[in-house]
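Listed below are the residues making up each chain.
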Amino acid sequence: MKITDLRTLYHQRLFDLISESRAIHLEHWRGEEVQRCSLLSIKTGGCSENCAYCAQSAHYATGIDREELLSIQRIVDVAKRARAQGATRFCMGAAWRGVRYGTEKFERVLEIVREVSQLGMEVCVTLGEIGPAEACKLKAAGVTAYNHNIDTSPEFYREIVSTHTFQDRLNTIAAVQNSGMSVCSGGIIGMGESIDDRLRMIEILSELDPQPQSVPINCLMAMPGTPLADQPPVDIFELVRLIAVARIALPKARVRLAAGRTRISREGQALCFFAGANSIFFGDKLLTAKNPEVDVDLALLRELGLKVERRNVPAVATAL
């Protein structure tokens, strides 16, 4: 969808916009179901990239303790707990620029994926830049989705990171698509970008072929020590408008209400769900940022009459 059309959608009366997005949502999805995803940092801190929003960058003094790649057993234990709490997707993130086939750390990741994939959940990883060889190996090991956010518009991207390019992001997404893994790609708002930057991000995501199956919309969690530490919270109506536009432009994608929910009221989250969000990260931590507690999320979903998406657990998982 072209940015001229996205602008027209975004700037119409709010109730008209969310009425349109709600109709499209109900056309393509069961309106009462919400997917819950669990996210674990399997390697924390010390990243060589200088993304201005990230507390894990080695370029900034953020107080984040560096941790090497977690053991397989620890990761599997966390994944089992997430499954028991209702997760249908388990996401694993590593603070690297990327990984390459043939390296020890890549082989360890493949081993981790093979173990986690036996638990009956979708397996998503975010490991930074990868190419065709890495994508095919991850797919064969059991990865169902690869997360690689484009973050913002290509025009604003250079204000956020200089150690890699926007095109580098698109190259990784192309490798993921060609491997047969599904693409999870969205962005972050509240970094100082314009409304047009946000809409350009949606334009680019909507024109990927195929479109991403998951689109996380993150509100910046301003982390002390990063260049964006003093950015104010995102206005709730701006978030709702963007989610509604994303739902219209990407009708078959899961639009994930991701980071920043601790700054959004229950009423604000309810409006986001109505506008088209149908997936959340749950658990009290997202990589290094805080997230609402599981019981709080369950209570909100119950009050809204929303159901947690059920998973289909293969027979192998019952033996674990």
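In this report, we go over the structure that sits alongside the text. (Residues numbered from 1 in each chain as written. Predicted model: local features only at pLDDT ≥ 70, side-chain atom pairs only at ≥ 80, totals over all residues. Heavy atoms only, no water.)

1. Observations concerning the nonpolar core
Ranked by size, the top nonpolar core spans 95 residues in total, and within it Phe90, Met92 and Leu138 carry the most contacts. The leading source of residues in this core is helix H9 (residues 236-249), at nine residues. When neighbours within four sequence positions are excluded, methionine 92 is seen to be in contact with Leu39, Leu40, Ile42, Ile75, Ile112, Val113, Val116, Val123, Cys124, Val125 and Thr126. Core analysis: the next-biggest nonpolar cluster, separate from the first, contains seven residues, Leu39, Cys91, Ala145 and Phe281 among them. (Core = buried A, V, L, I, M, F, W, Y, C linked by side-chain atoms within 4.5 Å. Buried < 20%, exposed > 50% of the residue type's maximum accessible area, 1.4 Å probe, protein only. Helix = DSSP H or I, 4+ residues; strand = E, 2+ residues; numbered from the N terminus. Contact = heavy atoms within 4.5 Å.)

2. Comments concerning the pattern of salt bridges
This structure, assessed with the given rule, holds 14 salt bridges. A salt bridge links glutamate 238 to arginine 198, with the shortest nitrogen-to-oxygen separation between them at 2.8 Å. Taken together, the residues glutamate 238 in helix H9 and arginine 198 in helix H8 (residues 195-206) connect sequence positions 40 residues apart. Judged by relative accessible area, which is 29%, glutamate 238 ranks as partly exposed. (Salt bridge = Lys/Arg side-chain N within 4 Å of Asp/Glu carboxyl O.)

3. Things to note about helix H4 (residues 104-116)
When the terminal C-alpha atoms of H4 are compared, their 19 Å separation across 13 residues agrees well with the 18 Å that a helix rising 1.5 Å per residue should span. Buried residues of H4: Phe106, Val109, Leu110, Ile112, Val113 and Val116, and no others. Here the buried residues of H4 occupy an arc of 160° about the axis, which is enough to place them on one side. (Expected span 1.5 Å × (residues − 1). Arc of directions from axis to C-beta.)

4. A look at the pairing of strand S9 (residues 279-282)
Burial of the side chains of S9 extends over both faces: Ser279 and Phe281 are buried on one face and Ile280 and Phe282 on the other. Pairing analysis gives four bridges linking strand S1 (residues 33-43) to S9, with the strands arranged parallel. Opposite cysteine 37, over in S9, you have phenylalanine 281 as the bridge partner. Here two bridges tie strand S8 (residues 254-257) to S9, and the two strands are oriented parallel to one another. Paired with leucine 257 across the strands is isoleucine 280, a residue of S9. (Pairing = 2+ DSSP bridges.)

5. Some words on the packing of H8 against H9
One way to put it is that H8 packs onto H9 with a least axis distance of 10 Å and a crossing angle of 20°. As summarised for this structure, H8 and H9 are arranged roughly parallel, according to the angle between their axes. Along this stretch, H8 crosses H9, giving a crossing that reads as right-handed. Of H9, the residues touching H8 (which contributes Ile195, Arg198, Leu199, Met201, Ile202 and Ser206) are Glu238, Leu242, Val245, Ala246 and Ala249. By residue class, the composition of the contact of H8 with H9 is eight nonpolar, one polar and two charged. (Axes fitted to C-alpha atoms, helices over the stretch in contact; angles between N-to-C directions. Parallel < 35°, antiparallel > 145°, perpendicular 65-115°, else oblique. Left-handed = near helix turned anticlockwise from the far one by under 90°. Nonpolar A, V, L, I, M, F, W, Y, C, P; charged D, E, K, R; others polar.)

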